[in-house]
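Residues per chain, in single letters:
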Amino acid sequence: MKILFIGDVMGRAGRTAVIERLPRLREAWKLDFVVVNGENATSGMGLNAAHAKSLLEAGADCLTLGDHAFDQRDMLQFIEQEPRILRPLNFSKVAPGKGARLFTASGGRKVLVTQVLGQVFMKRAFDDPFSAVDTVLRQHPLGGMAQAILVDVHCEATSEKMGMGHYCDGRASVVVGTHTHVPTADAQILPGGTAFQSDAGMCGDYNSVIGMEKDEPLRRFITGMSKGRFQPAAGEATLSGLYVETDDRTGKAVRVEMIRDGGRLSQATP
Ligand SMILES: [Fe+2]
Ligand SMILES: [Fe+2]
């Protein structure tokens, strides 16, 4: 199965890139299943229903969220009506929506998607992501109930993300990190057959501080005082993600490629 994961969509620039380029990427890479992290798609803070619909219409089969899951109030209701949107598995026991779901791709193939929040350097304490993922993976054996399994590990620390990759190695097709908005250059297939990248990077304008206009974050770093609100940077976005090809029988990854499309990030060309 051919899977594309797109990292945190940042504001209008990120949405525009996904809406304009995903149909072409779907065609060019002959994608069977696309997962998009939408936690910053609305003004950099959360995802509203209208923007969720536009990303789904552009070709996303599933949208994941993150620590900003419910920054936009209408997501509290919309996530209950739209099963293609997942919030983190360990967000809160009372959060609406689901943190894992089995999707059906072409040919009836089953794809499990789940997302967990990490605990290191995060704003508040979330439940243990390792035991949360373990429960879901035990319920959905790779190559049995699910032909492919994607885990979005949403956190700050690369160490925690790598730990999650190894914890899921052989039990998931892909473990991919989100949240830092900066892609890491460590895409690989782990020894047990799980494709891994510490962070997919954002889909946003990289002439910014992690997707926000530079002035306000710089002011806060330099003076320790805030003056205005953070605004998503509006220049052309680089669409950043991870392409993974899996063996339908075993569910293991056979190919992994980092994707960077458009905008400022350099891409190797022969
Ligand atoms: Fe994010
Ligand atoms: Fe986040």
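Residues numbered from 1 in each chain as written. Chains lettered and ligands numbered in written order. Predicted model: local features only at pLDDT ≥ 70, side-chain atom pairs only at ≥ 80, totals over all residues. Heavy atoms only, no water.

(A) Focus on the coordination of the iron ion (ligand 2). Taken together, Glu39 (OE), Asp67 (OD), His154 (NE2) and His179 (ND1) make up the full set of protein donors to the iron ion (ligand 2), lying 2.1 to 2.2 Å away. In this structure the iron ion (ligand 1) is found 3.5 Å away from the iron ion (ligand 2), and Glu39 serves as a bridging donor for the pair. With Asp67 in the loop between strand 3 (62–64) and helix 3 (75–81) and His154 in strand 7 (residues 148–154), this pair connects stretches of sequence that are 87 residues apart. Note on Asp67: relative accessible area 11%, which makes it buried. (Donors = N, O, S within 2.8 Å, 3.2 Å for Na, K, Ca; no water. Helix = DSSP H or I, 4+ residues; strand = E, 2+ residues; numbered from the N terminus. Buried < 20%, exposed > 50% of the residue type's maximum accessible area, 1.4 Å probe, protein only.)

(B) Spotlight on the packing of helix 4 (residues 129–139) against helix 5 (residues 158–168). Contact geometry for helix 4 and helix 5: axes closest at 11 Å, N-to-C directions at 25°. Relative to helix 5, the element helix 4 lies roughly parallel. Between helix 4 and helix 5 lies a crossing whose hand is right-handed. In this structure, helix 4 contributes Pro129, Phe130, Val133, Asp134 and Leu137 to the contact, and helix 5 contributes Glu160, Gly163, Met164, Tyr167 and Cys168. (Axes fitted to C-alpha atoms, helices over the stretch in contact; angles between N-to-C directions. Parallel < 35°, antiparallel > 145°, perpendicular 65-115°, else oblique. Left-handed = near helix turned anticlockwise from the far one by under 90°. Contact = heavy atoms within 4.5 Å.)

(C) Broad picture of the pattern of salt bridges. Tallying each qualifying case throughout the model produces 16 salt bridges. In this structure, Arg21 and Glu236 form a salt bridge, with 3.3 Å as the shortest nitrogen-oxygen distance. Of this pair, Arg21 sits in helix 1 (residues 11–28) while Glu236 sits in the loop between helix 6 (215–223) and strand 11 (239–246), and the two are 215 residues apart along the sequence. Residue Arg24 pairs with Asp261 through a salt bridge whose shortest N-O separation is 3.3 Å. Linking Arg24 in helix 1 with Asp261 in strand 12 (residues 253–261), this pair joins segments that are 237 residues apart in sequence. Given a relative accessible area of 45%, Arg24 falls into the partly exposed group. (Salt bridge = Lys/Arg side-chain N within 4 Å of Asp/Glu carboxyl O.)

(D) Seen up close, the coordination of the iron ion (ligand 1). All of the protein donors around the iron ion (ligand 1) are Asp8 (OD), Glu39 (OE), Asn40 (OD1) and His181 (NE2); their distances to the metal are 2.1 to 2.2 Å. Considering all four donor atoms around the iron ion (ligand 1), the spread of angles at the metal, 86 to 169°, places the coordination shape in the irregular class. Along the chain, the residues donating to the iron ion (ligand 1) are arranged with the sequence spacing D-x30-E-N-x140-H. (Tetrahedral: all angles 85-135°; square planar, octahedral: opposite > 155°, others 65-115°.)

(E) Representation of the layout of surface pockets. Empty space within the largest pocket amounts to approximately 470 Å³. Taken together, 21 residues line the largest pocket, and the ones lying closest to its centre are His68, Glu156, Ile210, Met212 and Phe230. Taken together, the residues of the lining of the largest pocket sort by class into ten nonpolar, six polar and five charged. Taken as a whole, the second largest pocket spans an internal volume of roughly 240 Å³. As for the second largest pocket, its lining consists of Leu25, Trp29, Met258, Ile259, Arg260, Asp261, Ser266, Gln267, Ala268 and Thr269. Ranked by the residues each element gives to the lining of the second largest pocket, the list is headed by strand 12, at four residues. Grouping the constituent residues of the lining of the second largest pocket by class yields five nonpolar, three polar and two charged. (1 Å grid on protein atoms, 1.4 Å probe; cavity = no way out; pocket = protein on both sides within 12 Å on 5 of 7 lines; lining within 4 Å. Points joined across faces, edges and corners; volume = space filled by probe spheres on them. Nonpolar A, V, L, I, M, F, W, Y, C, P; charged D, E, K, R; others polar.)

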